[in-house]
There are 2 protein chains.
Amino acid sequence: MIIGGGFGGLRAARELGRADVRVTVVDRRNHHLFQPLLYQVATAGLSGPDIAAPIRQVLRRQKNTTVLLAEVRSIDVEGRRLVLDEGELAYDALIVAAGAGNFYFGNESWAEHAPGLKSIEDALTIRRRVLCAFESAERESDPERRRSHLTFVVVGGGPTGVELAGALAEIGKHTLARDFRNFDPADARVVLVEGSDRLLGGMAVKLSDAARMQLEARGVEVVLGARVETIDERGAVVGGQRIVADTVLWAAGVRASPLAEELGVPLDRGRVLVEPDLSVPGHPEIYVVGDMSGLKQDGEWLPGVAQVAIQGGARAARNILLRQAGRATEPFRYSDKGTMATIGRSAAVAEIGGVKSAGFFAWVVWWLVHVIALIGFRNRVMVMLEWFWAYISWQRTARVIVDRPMRELAEGKPASVERTDSAGSSGPTS
Amino acid sequence: MIIGGGFGGLRAARELGRADVRVTVVDRRNHHLFQPLLYQVATAGLSGPDIAAPIRQVLRRQKNTTVLLAEVRSIDVEGRRLVLDEGELAYDALIVAAGAGNFYFGNESWAEHAPGLKSIEDALTIRRRVLCAFESAERESDPERRRSHLTFVVVGGGPTGVELAGALAEIGKHTLARDFRNFDPADARVVLVEGSDRLLGGMAVKLSDAARMQLEARGVEVVLGARVETIDERGAVVGGQRIVADTVLWAAGVRASPLAEELGVPLDRGRVLVEPDLSVPGHPEIYVVGDMSGLKQDGEWLPGVAQVAIQGGARAARNILLRQAGRATEPFRYSDKGTMATIGRSAAVAEIGGVKSAGFFAWVVWWLVHVIALIGFRNRVMVMLEWFWAYISWQRTARVIVDRPMRELAEGKPASVERTDSAGSSGPTS
């Protein structure tokens, strides 16, 4: 039984595909999501289905595998049963790979004002807010309110925050350059806030500096070593200063799925403290992989990245087979294949096997790695073509506001649009 | 001032793009929608952004044109002003092209159970229901309930109904063929219900028959001359007989936007009875085009199709310029470029300039016309590639359930999934 069709769960299911076992993958979504590109959906560069593949379709050739769209309510560890939203499922061995959700460090009321980026729904929410902010600016005559519409604060300087900030800067400077009449989209202000003293804390200091410079060259204001004190409907208070902004995006924290609490073992910041072989202490039939799993290697916590989940999923699956064969399980050993983050068009930073690179070459590597990694041939070709087109045209192809644009606008401050009928024949009028 | 960025409004805006006038396009959506392909989004063949283009982007080169995302609340015909959700807009000349919405002939309570297909939101709702119906069938052990999950009723035998029914049949027979373990998706039942005695009433009888035969060859049950008496959560009652079905789709009726009532002139089934030059009686400064406009040509009402809207939009725009120049307006004359409908893979019917065709050739023509007509180069290439890929792989690329899959499933009948953990290693078990 595998809970979760993300990187870890899917890899485990594939590993078990030819073994003499019956496999059931339970997920509350019907699709596997390629999360590293979710920021592209949020910034209208890709559409949701481009980075999502139905779990069922990915695994359809595995005759021993059943995929079930269902929500796991609780885990009966002693009775070896999952309680679902409807019915129950018994298991002999269990892999828990339910991932992580957004976490606001105890300020969960911020969630409403600063959406995070973990699901397609999150990405579409962010896309709607960003596009509607520009639409509100076009309807606005008061310069101060317009500045609020055009200010975007991204909280968190990890890869997601860096990628979001870079993409937002490009949207204003290029994508929307000629689309509005009452303001210049290039005036959009993007602020990236990071609590520590550098961006991309997991990478070399040299690359942190390169990322900051590349972002600043694109007009992003990078604020380091500043704590976010408040996020509300008027914007954010950062290091004692209020930034008035309609749009605040959250990329600062995630936390393991609450399913971890069902296992009845000690947690560290929500993560299950697993044995070296990824099993749960006292329950060798249960494994926890990916973002839910807390394990140190060479004195450092393993990071919450796709590669750790993929390799962990494979290890857990092999350990189940070893145990079934009456043999000893093996400890998990993560092999770091490198980390990278893109800043925008022709700019990225990458650290692969000791080689550190920043700029165009890193960007090409980033691009190739992500296109190749995308699950399913179709997605790969489509994403490549969308990006190629975006690259030569500066356009973003998914600029569609789905769902309640009017309500989104109404949430902004009241605005007069009377100036529109007296607008001049070209360019801004106020 | 143009209300609506659909086929009629956009064509009118383009016609006025080089004239010495100021143009404002008001729409409550940010995108122009290529409605003839909406059924592809509903059946997971395309993603929403593939058939939508931001109105702003389409018109960005027209320096005299402002695009405003806003909802028109009412029209002050005497004061020549639009009242928006926020603020007002004055106009000298007005083109009303707000299109039509779903209409249930007075049974508006059916809307909840039988979604129509007019917007991207509608299409995503239908996609979610269809995909979730198959998921529910996989979770279901009771054969009768499973049959209900796998029964799809399409009401209305016009082009939209025919295209939806054809696509649904293919999803069961091919797309999902190997994806489920507890039932065979080919058992899905698709029923197309039409009140008159033939499909595609606007086309030649010969083609109506061809369409019916092509659908039946794909396993669709075509029910002609039968009235729908009830639609509820258990399915539909058609000609005195209940069809138990989780999914009922509505393609039987549309009605002009309620904005028509704002003009204070006689309506025919919601449509504004316009003068031959498309202006509103008594108000030569207001024109109504597309689905909102009621006009007879050679004794027949003009149909609610894209070509009528496009040609009408151009005529209204030219009449505004003629009137501005102090000259007489010209009557609208619709030139029928042909009609067509696709039934599925390699099958369509088409009637172009007296030539009637059914089968593969018609399908190729349908395909070319739609790809070429898609607004925006990117969409054209993308859609072509998605279809090419779908054609060689039998796959649909947008099988993603966004938003509340669990709630959708919960709306079905309670089901036990206990049989899953005892499922055999291949094929259905019950």
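Above this note sits the structure.
Residues numbered from 1 in each chain as written. Chains lettered and ligands numbered in written order. Predicted model: local features only at pLDDT ≥ 70, side-chain atom pairs only at ≥ 80, totals over all residues. Heavy atoms only, no water.

A. Region of interest: the pairing of strand β22 (residues 283-288) of chain A. All names here are of chain A. Extensive coverage of β22 is indicated by the burial of five of its six residues. Bridge count for strand β9 (residues 94-96) against β22 is three bridges, and the pairing is parallel. Of the residues in β22, the one forming a bridge with L94 is I286. Where strand β21 (residues 279-280) lies against β22, two bridges are found, and the strand directions are antiparallel. Residue pairing across strands places V280 opposite H283, the latter belonging to β22. Where β21 folds back on β22, the antiparallel hairpin that results is connected by two residues, among which G282 adopts a positive phi of roughly 85 degrees. (Buried < 20%, exposed > 50% of the residue type's maximum accessible area, 1.4 Å probe, protein only. Helix = DSSP H or I, 4+ residues; strand = E, 2+ residues; numbered from the N terminus. Pairing = 2+ DSSP bridges.)

B. The sheet that holds strand β20 (residues 271-273) of chain B, seen in detail. Residue and element names in this part refer to chain B. Pairing in this open sheet of three strands is mixed, and the strands run β19-β20-β23 from one edge to the other. Lying at the two open borders of the sheet, with one neighbouring strand each, are β19 (267-268) and β23 (293-294). Pairing analysis gives two bridges linking β19 to β20, with the strands arranged antiparallel. Along β20, the bridge assignment pairs D268 with R271.

C. Region of interest: empty space enclosed by the protein. Evaluation of the coordinates by the stated rule reveals 13 cavities of 30 Å³ or more. By volume, the largest cavity is sized at about 140 Å³. Of all elements in the fold, only α4 (120-139) of chain A together with α4 (120-139) of chain B reach the threshold of two or more residues within the lining of the largest cavity. In terms of residue count, the dominant contributor to the lining of the largest cavity is α4(B) (three residues). (1 Å grid on protein atoms, 1.4 Å probe; cavity = no way out; pocket = protein on both sides within 12 Å on 5 of 7 lines; lining within 4 Å. Points joined across faces, edges and corners; volume = space filled by probe spheres on them.)

D. Representation of the pattern of salt bridges within the structure. Counted under the stated rule, the structure contains 38 salt bridges over all chains. In this structure, the salt-bridge partner of B:E86 is A:R139, at a minimum N-O distance of 3.2 Å. Of this pair, B:E86 sits in the loop between β7 (81-84) and β8 (88-90) while A:R139 sits in helix α4, on two different chains. A:R139 shares its class with B:E86; the two are buried. Put simply, A:R218 and A:E170 hold a salt bridge, and the shortest N to O gap is 3.8 Å. Of this pair, A:R218 sits in the loop between α7 (205-217) and β13 (221-224) while A:E170 sits in helix α6 (residues 159-175); the two residues are 48 residues apart in sequence, bridging distant segments of the chain. Linked by salt bridges that have partners in common, A:R11, A:E15 and A:R318 make up one network. (Salt bridge = Lys/Arg side-chain N within 4 Å of Asp/Glu carboxyl O.)

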